[in-house]
Amino acid sequence: MAAEKPSSKGQAWFCTTGLPSDIVIEVEDMTFHLHKFPLTSRSRKLHQLIAEQETNPTTSTAQRDGHQEETEEERDEIEEILCQISLLDFPGGSETFEMAAKFCYGVKVDLNSSIIAPLRCAGEFLEMTEEYSEDNLISKTERFFSQSVLKSLKESIKALKSCERVMPLAESLGITERCIDSIASRASSVDPALFGWPVSEAANENVRASSSQALWNGIGSTVRRKGSGAKSNNADSWFEDLTLLSLQLFKRLILAMKVGDLNPEIVESCLMYYAKKHIPGISRSNRRPSSSSSSSSIASEREQREVLETIVSHLPLHKSSRSSTTTRFLFGLLRTANILNAAEECRSTLEKKIGLQLEQATLDDLLIPSYSYLNETLYDVDCLERILGHFLDGLEEERNAGEIEAGEDGGGGNVRPPALMLVGKLIDGYLAEIGSDANLKSDRFYNLAISLPEQARLFDDGLYRAVDVYLKSHPWTSEAEREKICGIMDCQKLTIEACTHAAQNERLPLRAVVQVLFFEQLQLRHAIAGTLIAVEADSARPSLLRRREEEIEAEAGAGAMQEGNGNAWRGAVRENQGLRLDMDSMRTRVHQLERECSNMKRVIEKIDKEGPGEHNGGWRGSLTRRFGCKFKTQVCDSHEQAVVNARKGRQHHHHQQ
């Protein structure tokens, strides 16, 4: 049979074989002008429908009566039509029927994952079975589905996406379930490290500084980070295909993954990527939709809220082992949940999960805007207090579990857990940020500052900075409130730099300044005492070394005597004694020079008292005779007049000559 050449004209589809069409099939808004024999040879359903039309030709007559106004050319074509069939609710629509019709005509159809499910459903609808015709559409699509589609993770996702067009029939045939099982089973064997981090950030956030230092009144303070670096997104990852699924199919897929004990990190990555794709504004850097995306593709608030609540309800409850990117994403979900007015259970779940990994957050993450009219502050302090409470509860549970595991070993938990110290630094920075809010009450500032245990802070410099910012922004605060706020910091835990600044800070109450000065003096005393101890240790070190040398010499002497090297030992002893004599003589010479210098000083003072003049040459001669050396005359203010007179005498003697 020669290959047919189908063509479409407007909303009509013709098969140009040179033979007039003898059947018209309507699918959706498309009319197919075909031939009976190719269709009836493959499809039992079309064979039955055509047989019914031939036994009851009134339908075709009625159809002809309805086209009286057609042109002469179209009327001639209609005269040749024997029957007309309308296929309502055909699975896959006109595109799928076109491929099924080509298959009936013997035209080769290139199968792929995106059309395999609709074609399989079309074969089922048209009853194109092996019993009716060999190598029919059902067997052909089933073979490709089993051997090609289900063997690949990405192809299974594409096939699952195509099931949305034929959902009722695909569900009854088990196509949807088989795709979901294939994806869940193959995803379990995927190493999450092979794929890049799926939640890509904006280009200007790809490289972030981990931390930076800035000076505040001479005290080093950590500048809040805009975020941390993230892995580059793998464009070929199957995560991209998952975002194309409808919410219902995606939900079923996630449930299958969780039932199959899939790696929680993979489940979390799927949820994060899907949320980022369907909920705009999660990332602060990408809250505006791209210009290339049409406005119709943006989901409504109700749809976004449904997606968000679904994502949150399926998030793993374990503490994520990823970097701060996950925590930043959770904070983005929480901000979006507040904007979309999501269910209270959804927001509470997010707060608990964030609390489990609060130490991975940044200061920028903590700054959650207040969207409620009942809250006067700029940032949602109540939300952060709840998150901090979840963090402390989790830390207490870990400590109790550690004590139980230690048991009889007597071991305990860490006195100062690193996570607690990181959170303490975060809270101090947060207090400094919200301290400038004029609407922040002193009680809320105080309660948040004392909510952390003492072990959370090694030094209280950050807390002092927050207190200073608050007092500077609230000059109307009473003296009693100032003293209460200053009571949250421990002056003994302030560094020398912070004490120096606090001692000159006019915003602090007098009692706080006195405490700062007192502990600053203690620190200085301790520092000086430590320096003196170090100096004494250095001065005692030579005597200890001398004693050690003597001990070593004695031990060496005993060993040498035992070995019979008497001559070598006696030579070494003599050499050592000679060195000691030289050192003693040198020490004696130094003492002599010191005495001579003292005598010289006394003689000079005596001559100065007797006066210059006739003794000018005498004292020089006496010094020469006494010490055996010559000295140059030093010009100084006390002998200036004598030097001038001597110069005049020499000039007069020169003129006489």
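Anything mentioned here points back to the structure above.
Residues numbered from 1 in each chain as written. Predicted model: local features only at pLDDT ≥ 70, side-chain atom pairs only at ≥ 80, totals over all residues. Heavy atoms only, no water.

Focus on the overall build of the protein chain
Put simply, the rule is: Where helices and strands are cited, they refer to DSSP runs of H or I of at least four residues and of E of at least two residues respectively, numbered from the N terminus. Type-normalised accessible area, obtained with a 1.4 Å probe on protein chains alone, sets the label of each residue: buried when under 20%, exposed when over 50%, and partly exposed for intermediate values. Contact between two residues is taken to exist if any of their heavy atoms lie within 4.5 Å; hydrogens are not considered. Areas reported here follow the Shrake-Rupley algorithm with a probe of radius 1.4 Å; residue values treat only the protein chains shown as occluding.
From N to C terminus, the protein chain includes 27 helices and seven strands. For the protein chain, the proportion of its 657 residues judged to be buried stands at 39%. Here the analysis covers contacts within the protein chain between residues at least 6 apart in sequence; of these, 70% occur between residues at least 24 apart. Just so you have it, the protein chain exposes about 38100 Å², and 52% of that area is on carbon and sulfur atoms.

Points about the side chain of S113
Put simply, the test is: Polar contacts, as used here, are pairs of N or O atoms within 3.5 Å; protein pairs need one atom able to donate a hydrogen and one able to accept it. Residues neighboring in sequence count only if both atoms are side-chain atoms.
Within the element layout of this structure, S113 appears in the loop between α5 (93-104) and α6 (116-125). Judged by its relative accessible area of 5%, S113 falls in the buried class. Among the polar contacts made by the side chain of S113, one reaches the side chain of E155 at a distance of 2.3 Å. Contact partners of S113, with chain neighbours within four places excluded, come to F144, V149, E155, K158, A159 and S162.

Here we look at the pairing of strand β3 (residues 23-27)
Regular strands place side chains that alternate from one sheet face to the opposite one. Basically, it comes down to this: By the convention used here, strands pair only if DSSP detects at least 2 bridges between them.
Across the five residues that make up β3, a large majority, four, are buried. Two strands pair when backbone bridges link them, and β3 and strand β4 (residues 30-34) are joined in this way by five bridges, in the antiparallel orientation. Pairing of I23 across the sheet is with L34, part of β4. Pairing geometry for β3 and strand β5 (residues 83-86), over four bridges, is parallel. Within β5, the position partnered with V24 by the bridge is Q84.

Side note on unusual backbone geometry
With the exception of glycine, most residues fall at negative phi, and the peptide bonds are largely trans. The phi angle at D135 is positive, at roughly 50°, despite the residue not being glycine. If you trace the backbone, D135 turns up in the loop between α6 and α7 (137-149). Residue class for D135 comes out partly exposed when judged on its relative accessible area of 41%. Despite not being glycine, N341 shows a phi value in the positive range, around 55°.

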